[in-house]
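Coordinates in review
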Amino acid sequence: MKIKSKLFFNLFLTFYLFFGFYVAINVGMTTDGLPNHSIGILNIEAIKDILGFNNTGYENLEKFPWRYKGPAFYYLSYIYLFVVDFFFKFDVYSEPVSRVLLNHALIFFTFFLSAIFSRKIVNLLIKDRLYSNIFLIFYLFYPYLIGHGFFNNQDMPFSCAWIISTYLSIKIFLKILKNESLTFIDIFLISLSTSFLISVRILGILILLQYFITFVITCRLVKKSIYEIFKNNLIKLLLFIIITFLFIIFFNPIFWLNPLLFFDSINQMRNIQYGVCTLTLGSCMDALNLPSSYIFIWLFFKLPLLAFIGFILFPFIEKKIFQNSGSQIILGSILLTVVSIIFLFIFFNVNQYDELRHILFLFSLILISSFSIIYFFSKKILLFVSLISIFYFSIQNVNMYPYQYTWFNLFGNFVDISKNFEVDYWGVSGKNIAKKINNNNKILLNKDKCIYVSPVHVAKPFISKDFKCVKPFFSIYPKSNEKYILVKYMRNLRRENPSNCELIFTESYNLLSNKMIMGEVFICN
């Protein structure tokens, strides 16, 4: 019976993965899709230059303003697309657009991997295969994370690498707790995952804080001084530092000719001034001057009910959980990491925009923690909440596609989400809006007129070739003397219309009591 159930569960996961590939590839373009694809190519060309295959690649990378933007994931992407090109290609789109869309499958795979390793961490905590599998299904159906898993080519691979690094580090510290020897493979794998994480986004250096927290907890449990543990593992620690640094250099061609640029990259990325405001609870909050409430507001509306139940129950179950040394290492380090990173972001006023995409990895850590806390309090409550949530998520995923990343929890019922929060900041609606334009009779009667839309690269690939003129949105603001088609989506939805504009259609879906408006299309005279 166990063999059969395991087989069926694995078949379900296989079907989920391949179906996920299909739906991810069919999600449209996003604002970062083509720009980040270009950054990947820029780094590949720099490598070719260093190896003597061209003469300008490295120089072009040096001059690029975002030269330190981590390219690690794009190496995997480059290899993946090289293989996929032999079998499949979107002939109706340009090669760059086709590659960005096909790359969505690889991004979805990183989401799937983050779920698998999150499940492994939960199983280390609760040691219950059935409930660990329930957690996995909950994670895989959580709309907010699935939505990012369809296309988010930086934050989702980063989140995946963080979770894998967390799992590997926990395994290492559990070995130290049991007084077992660390192998070279242990050091090599944690070095590889850590360097990959940092090479996806320099923010990954914060994983060292998590390692340190876990180390301190472990030292307290083994009743040895920090000095003594350092002394016993000094060679392995030095090996970790050396291998990690070498891999960071390897993953970043900008460092190949001058490894010391790594320290410059930390300084530059820390001081990035990206002035954009994110609509948050009715206020447009400036990324350069965020209030301390910013993170908490978004967490309040984006976390599932299960997370809040876990937070509420934690004080009642804390002593029971932490009687076990392994739980102290795993859950203690995760909880302290979440609290520490939120505090650091607030204290140093870290530049953030587009809700919580930059700390997306914290959602995985919070889900792991809250699920485990409820498990230790009551399996029945956990089973009930999980099954209800999975059923609810399933319906929402069908209703929301491809806008799952715009998901809000039940608290969203008490506000008008479209008027109070940033919604489609990635521009996923561009493809659906373009399809409606191609099939709208009223607009087709004006196909000789210009379509004004920004950003152009998100919607234009899907607009019919019958429309010969597609221009940037801002070229007609605040007025124009021509008759034209106006497309408003993303942050441009908040702009007032020019005079004499007739609304032709809206792109929207219903979430609970809210009508979520993704975009609007007008004919203006």
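What you see is a predicted model; the values in this text were computed from it and never measured.

1. Re the sheet that holds strand β7 (residues 514-524)
An order of β4-β3-β5-β7-β6 is seen for the five strands of this open sheet, with the pairing classed as mixed. The outermost strands of the open sheet, each flanked by one partner alone, are β4 (470-471) and β6 (501-511). Where strand β3 (residues 450-452) lies against β4, two bridges are found, and the strand directions are parallel. Bridge pairing in β4 places I451 opposite V470. In the packing of helix α20 (residues 429-439) onto the sheet, contacts are made with β3, β5 (484-489), β6 and β7, and the angle to β6 comes to roughly 130°.

2. Concerning the pattern of salt bridges
A complete count under the given rule lists 16 salt bridges for this structure. Ionic pairing is found between R357 and D155, a salt bridge with its closest N-O pair at 2.7 Å. Remark: D155 occurs in helix α8 (residues 155-177) and R357 occurs in the loop between α16 (325-347) and α17 (361-377); sequence separation between them is 202 residues. In this structure, R357 and D155 share a single accessibility class: buried. Across the salt bridge formed by K442 and E502, the nearest N and O atoms sit 2.4 Å from each other. Taken together, the residues K442 in helix α21 (residues 441-444) and E502 in strand β6 connect sequence positions 60 residues apart. In this structure, a network of salt bridges that share partners links the residues D32, D155, R201, D354, R357, E422, R491 and R494.

3. Focus on the state of the cysteines
As enumerated under the stated definition, the model contains three disulfides in all. Across the disulfide from C277 sits C284; the S-S distance is 1.7 Å. A torsion of 45° about the S-S bond marks the disulfide between C277 and C284 as right-handed. Under the relative-accessibility criterion, C284 is labelled partly exposed at 39%. Here C450 engages in a disulfide with C469; their sulfurs sit 1.7 Å apart. The chirality of the disulfide connecting C450 with C469 is right-handed, given an S-S dihedral of about 85°. Taken as a pair, C450 in strand β3 and C469 in the loop between α22 (456-459) and β4 lie far apart in primary sequence, 19 residues in all. Classification of C450 as buried rests on a relative accessible area of 10%.

Rules used throughout
Residues numbered from 1 in each chain as written. Predicted model: local features only at pLDDT ≥ 70, side-chain atom pairs only at ≥ 80, totals over all residues. Heavy atoms only, no water. Pairing = 2+ DSSP bridges. Helix = DSSP H or I, 4+ residues; strand = E, 2+ residues; numbered from the N terminus. Contact = heavy atoms within 4.5 Å. Axes fitted to C-alpha atoms, helices over the stretch in contact; angles between N-to-C directions. Salt bridge = Lys/Arg side-chain N within 4 Å of Asp/Glu carboxyl O. Buried < 20%, exposed > 50% of the residue type's maximum accessible area, 1.4 Å probe, protein only. Disulfide = S-S within 2.5 Å.

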